[in-house]
Amino acid sequence: MGNPIAVLPAARLEVDHITCDFDGRRVLHDVSLDVAAGQVMCLLGPSGCGKTTTLRVIAGIERQSQGKLRIDGQTLADGALHLPPEARSVGLIFQDFALFPHLSVARNISFGLSGTRREKAARVEELLARVDLQGYADKAPHMLSGGEQQRVALARALAPKPAVMLMDEPFSGLDNRLRDGIRDETLDLLREEGTAVVLVTHEPEEAMRMADTIALMRGGRIVQQGAPYNIYNAPCDKDAAAFFSDINVITGTVQGALTDTAFGQFLAPGYADGTKVEIVFRPQHVKIDFDRGGRGPNPTPHDGVPARGVVERARFMGHESLVEFRMDFNNQILKATVPAVFLPRPGMALWLTVRRERCFVFRK
Ligand code: ATP
């Protein structure tokens, strides 16, 4: 065990090639993250992919098998050293907030603080003001709403001024009405404090809304890492694309760095002739045109060749409608989103074109 680390108020977290094994089974493979002060990194991925284990290794609750952890260049854990959680300058907020039910709000917040009684009281006052709960010091947790309890949990986690905040689905226990406001306020506050945040979620919309960087995990590995815009618009594979929205997939074979499909030719640079590829596109990148005497619209260089489909079903989804088409060319179903004012009837024939610059081509 080493000494507690002395960190600057704004420090960077480095997770360097971490692996973790449970009972001989590897659950984290070579996980690396770099989170700057005041930045929010979201770990995103399906259930069981290793998000919580990553947080627990950073916190020091689990030991990694290999790799290093550093805050502001100072080592928390490597092959030789394993600082205990309380010496890591790391705050934790979990889904259930886990306030101590028998302690007042003030005592919950001051629980992990050192210093004189006066210093602790001053810090509690400062934090209650920061989370907009002045006057709540003497209340018991059960007297508070879910949103208020979440703010107390935040104040408690912030009290020792941690360099890094680890949050495991911290907003999923709140009702929808409260969630957006509390989420934005919490992360604004953490950014202002210069805290490096690692936040676990399995909801892509939440990650895109909150994160400066998303680390997409699958099977214990980080498969892609980057700004939300980049991950959404340049997914590394079909599953990464599918994690963020419905997708459509058509197949083709490469010939001369191009692949021919019912929607025209797609660029497939870097693939050898004869390679089977999948062309992936999101429903919002499909354009719909009316059937004009069975001929469809003229092809354009931008949108390629129109293909005819028949509406199978259409669902009203608020600001848009999702329409499923059975395509004439191979009988497969493709999805398109259209403005909600348009809800075509099943059986209606329409022409679909695909925005080629928004398609992704992957090896099959
Ligand atoms: P969820 O979104 O469902 O919380 P997750 O992505 O956070 O999932 P983890 O909880 O990190 O996933 O689990 C990763 C893998 O490690 C899973 O296969 C899980 O069964 C396994 N695992 C987690 N904790 C332990 C443990 N203490 N002992 C053995 N296996 C574990």
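Just so you know, these numbers come straight off a predicted model, no measurement behind them. (Residues numbered from 1 in each chain as written. Predicted model: local features only at pLDDT ≥ 70, side-chain atom pairs only at ≥ 80, totals over all residues. Heavy atoms only, no water.)

## Here we look at unusual backbone geometry
Spelled out, the test is: For helices the rule is a DSSP run of H or I covering at least 4 residues; for strands it is a run of E covering at least 2, with both sets numbered from the N terminus onward.
Look at D30: it is not a glycine, yet its phi comes out positive at around 50 degrees. Inspection of the secondary structure puts D30 in strand β2 (residues 25–35).

## Things to note about the site of the ligand
As a reminder of what qualifies: If even one non-hydrogen atom of a residue comes within 4 Å of a molecule or strand, that residue is called near it. We define a polar contact as two N or O atoms separated by no more than 3.5 Å, with the added condition that, inside protein, one atom must be a possible hydrogen donor and the other a possible acceptor, whereas residues neighbouring each other in sequence contribute only through side-chain atom pairs. Areas reported here follow the Shrake-Rupley algorithm with a probe of radius 1.4 Å; residue values treat only the protein chains shown as occluding. Three classes are used: nonpolar for Ala, Val, Leu, Ile, Met, Phe, Trp, Tyr, Cys and Pro, charged for Asp, Glu, Lys and Arg, and polar for all others, with Gly counted as polar.
Surveying the vicinity of the ligand reveals the residues F22, R25, V27, P46, S47, G48, C49, G50, K51, T52 and T53. Contact between the ligand and G48: an oxygen atom at 2.8 Å from a main-chain N or O atom of the residue. Contacts to the ligand include K51, whose side-chain N or O atom sits 2.8 Å from an oxygen atom. Coverage of the ligand by the protein amounts to 61% of the 640 Å² it exposes when considered alone. Breaking the shell around the ligand down by element, the ones donating at least two residues are β2 and α1 (51–59). Among the elements that take part in the shell around the ligand, α1 stands out by supplying three residues, more than any other. Residues that form the shell around the ligand fall into these classes: four nonpolar, five polar and two charged.

## Side note on α1
What counts, and what does not: Type-normalised accessible area, obtained with a 1.4 Å probe on protein chains alone, sets the label of each residue: buried when under 20%, exposed when over 50%, and partly exposed for intermediate values.
Burial runs high along α1: seven of the nine residues are buried. Along α1, the residues that are buried comprise K51, T53, T54, L55, V57, I58 and A59.

## Describing helix α4 (residues 146–158)
Short version of the rule: Helix span, as expected, comes to 1.5 Å for every residue beyond the first. When checking whether two residues touch, look at their non-hydrogen atoms; a contact exists if any pair is within 4.5 Å.
For α4, spanning 13 residues, the distance from its first C-alpha to its last is 18 Å, which sits close to the expected 18 Å at 1.5 Å a residue. Among the residues of α4, those classed as buried are G147, E148, Q150, R151, V152, A153, L154, A155, R156, A157 and L158. The inward-facing, buried residues of α4 contact β6 (90–94), α2 (105–110), α3 (117–130), β7 (164–168) and α5 (176–193).

## Overview of the domain arrangement of the chain
Definition in use: Domain boundaries shown here were taken from an automatic or database domain assignment. By convention, the term buried area covers the 1.4 Å-probe accessible surface removed from two parts as they join, with the contributions of both added. We define a salt bridge as a side-chain nitrogen of Lys or Arg found within 4 Å of a carboxyl oxygen belonging to Asp or Glu.
Domain annotation of the chain identifies domain 1 (13–241) and domain 2 (246–363). At the interface, eight residues of domain 1 touch nine residues of domain 2. Summing both partners gives a buried area of about 740 Å² for domain 1 against domain 2, and 54% of it is carried by carbon and sulfur. Among the residues domain 1 hides against domain 2, the three largest losses belong to Y232, K238 and A241. Together they make up 70% of the total. Connecting domain 1 to domain 2 are one salt bridge. With its nearest N and O atoms 3.3 Å apart, the salt bridge here joins E278 to K238. Seen at the junction of domain 1 and domain 2, the total is five residue pairs in polar contact (both at pLDDT 80 or more). At the level of elements, α7 (228–233) and α8 (238–244) are the ones that each hand at least two residues to the side of domain 1 that touches domain 2.

## Side note on the nonpolar core
Inclusion rule: Within this scheme, the nonpolar core is defined by two criteria: the residues are buried Ala, Val, Leu, Ile, Met, Phe, Trp, Tyr or Cys, and they are joined through side-chain atoms within 4.5 Å.
Core analysis: the biggest nonpolar cluster contains 42 residues, and I109 and M167 have the highest contact counts within it. Per-element tally for this core: the top contributor is α4, with six residues. Every residue in contact with M167, bar those within four places of it in the chain, is listed here: L55, I93, T186, L187, L190, V197, V198, L199 and V200. Counting 32 residues, the second largest nonpolar core, distinct from the first, contains L13, L28, V57 and M217.

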